Amino acid sequence: MIKNIVFDMGNVLVRFDPELFMDRYSLTGEDRKLIRNEVFRSVEWTMLDRGVIDEEIAEQHILPRLPERLHDAARGLIETWDNPIVPVEGMLELLQALKAKGYRLYLLSNAATRQPIYWARAEASKLMDGALISAEVKLLKPDPQIYRTFLRKFALRPEECVFIDDTPINVEGALYENMAGIVFNMDVAALAESLHALGVEW
């Protein structure tokens, strides 16, 4: 029986959309492509999520790869990509319904150490019973150890958990640890149907 619903953050609870974030700097054409590749698709971005570097070190590596005209935008996106925090439409209502039915809600996300700062601004954060962030434990999904660490931290039985993520390989990782898994495709109605199929009712 499912008792615990475990959510990824980006593009599950809140939108993680580099295009949206770059809009506030009016980036176009080649500049937009450069920022996308050198910031959001960089090794440093992954290292931030793993918690092995901070934003200052990331900038020391990333900025020299960009023309000087893009340095301010790159700094802003590295340090405060989360402006604005935009919830995934319909997800908050689903969380509230699940919570009202007594399900325990958790966050398991690949994110950098400053995640708690901006996560507190998201309404979904107020409904969570616990959270584990990759940078805190220096592990990234889909490493099996991050799921084991999460289950151990909150003393959860994997067969009583369902994990929801927008990235199939991360859901696969949860399945290998005996959790149920659902790939979320920005469709809350479809997610609700998948939860019902697992016996989750509200």
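Definitions and cut-offs
- Residues numbered from 1 in each chain as written.
- Predicted model: local features only at pLDDT ≥ 70, side-chain atom pairs only at ≥ 80, totals over all residues.
- Heavy atoms only, no water.
- Helix = DSSP H or I, 4+ residues; strand = E, 2+ residues; numbered from the N terminus.
- Buried < 20%, exposed > 50% of the residue type's maximum accessible area, 1.4 Å probe, protein only.
- Polar contact = N/O pair within 3.5 Å; in protein donor to acceptor, adjacent residues only side chain to side chain.
- Contact = heavy atoms within 4.5 Å.
- Pairing = 2+ DSSP bridges.
- Axes fitted to C-alpha atoms, helices over the stretch in contact; angles between N-to-C directions.
- Arc of directions from axis to C-beta.
- Lys, Arg positive; Asp, Glu negative; His and termini not counted.
- Salt bridge = Lys/Arg side-chain N within 4 Å of Asp/Glu carboxyl O.
- Core = buried A, V, L, I, M, F, W, Y, C linked by side-chain atoms within 4.5 Å.

Caption draft 1: Representation of the side chain of Ser-42. With respect to the element layout, Ser-42 can be found in the loop between helix H2 (29-40) and helix H3 (43-50). Owing to a relative accessible area of 7%, Ser-42 belongs among the buried residues under this scheme. Looking at Ser-42, its side chain comes within polar contact range of the main-chain oxygen of Val-39, at 2.8 Å. Leave out the neighbours within four places in its chain, and Ser-42 touches Asn-37, Ile-62 and Arg-65.

Caption draft 2: Structural detail: the sheet that holds strand E2 (residues 104-109). Sheet architecture is open: five strands sit in the order E3-E2-E1-E4-E5, paired in parallel fashion. Strands with a single pairing partner mark the edges of an open sheet, and in this sheet they are strand E3 (130-133) and strand E5 (180-183). The average angle at which neighbouring strand axes cross in this sheet is 20°, direction not considered. Pairing geometry for strand E4 (residues 161-165) and E5, over four bridges, is parallel.

Caption draft 3: Geometry of unusual backbone geometry. Across the junction of Asn-83 and Pro-84, the peptide omega takes the value 15°, indicating a cis bond. Mapped onto the elements, Pro-84 comes out in the loop between helix H5 (71-80) and helix H6 (91-100). The peptide bond linking Lys-141 to Pro-142 adopts the cis configuration, its omega dihedral lying at 10°. Tracing the chain through its elements places Pro-142 in the loop between helix H8 (134-137) and helix H9 (144-153). For Ala-155, which is not glycine, the phi dihedral falls at a positive 55°. Within the element layout of this structure, Ala-155 appears in the loop between H9 and E4. On the accessibility criterion, Ala-155 (68% relative accessible area) is exposed.

Caption draft 4: Summary view of helix H10 (residues 168-176). Within H10, the full set of buried residues consists of Asn-170, Val-171, Gly-173 and Ala-174. Seen from one end, H10 has its buried residues packed into an arc of 150°, which puts them on one side. Opposite the buried face of H10, at more than 90 degrees from it, the exposed residues are Pro-168 and Tyr-176. For H10, the elements touching its buried residues are H9, E4 and E5.

Caption draft 5: A look at the side chain of Glu-59. Tracing the sequence through the fold places Glu-59 in helix H4 (residues 55-62). Look at Glu-59: it is buried, it has no salt bridge, and the nearest opposite charge is Arg-75 at 4.3 Å. If we skip the residues at most four places from it in the chain, Glu-59 touches Pro-64, Arg-75, Ile-78 and Glu-79.

Caption draft 6: Spotlight on the nonpolar core. Ile-5, Phe-7, Leu-13, Ile-35, Met-91 and Leu-195 are the most contacted members of the largest nonpolar core, which totals 52 residues. Here Phe-7 is in contact with Val-12, Leu-13, Met-91, Leu-95, Leu-98, Leu-105, Tyr-106, Leu-107, Leu-108, Met-128, Phe-163 and Ile-164, once residues within four sequence places are set aside. Counting 15 residues, the second largest nonpolar core, distinct from the first, contains Tyr-106, Tyr-147, Cys-161 and Ala-174.

Caption draft 7: Broad picture of the pattern of salt bridges. Throughout the structure, instances matching the rule amount to 19 salt bridges. Lys-99 is the partner of Asp-129 in a salt bridge, and the nearest nitrogen-oxygen pair spans 2.7 Å. Residue Asp-129 is located in the loop between helix H7 (115-119) and E3, and its partner Lys-99 is located in helix H6; the two are separated by 30 residues in the primary sequence. On the basis of relative accessibility, which here comes to 30%, the residue Asp-129 falls in the partly exposed class. For Lys-99, a relative accessible area of 29% gives the class partly exposed. Taking the shortest distance from any N to any O, the salt bridge between Arg-104 and Asp-129 comes out at 3.9 Å.

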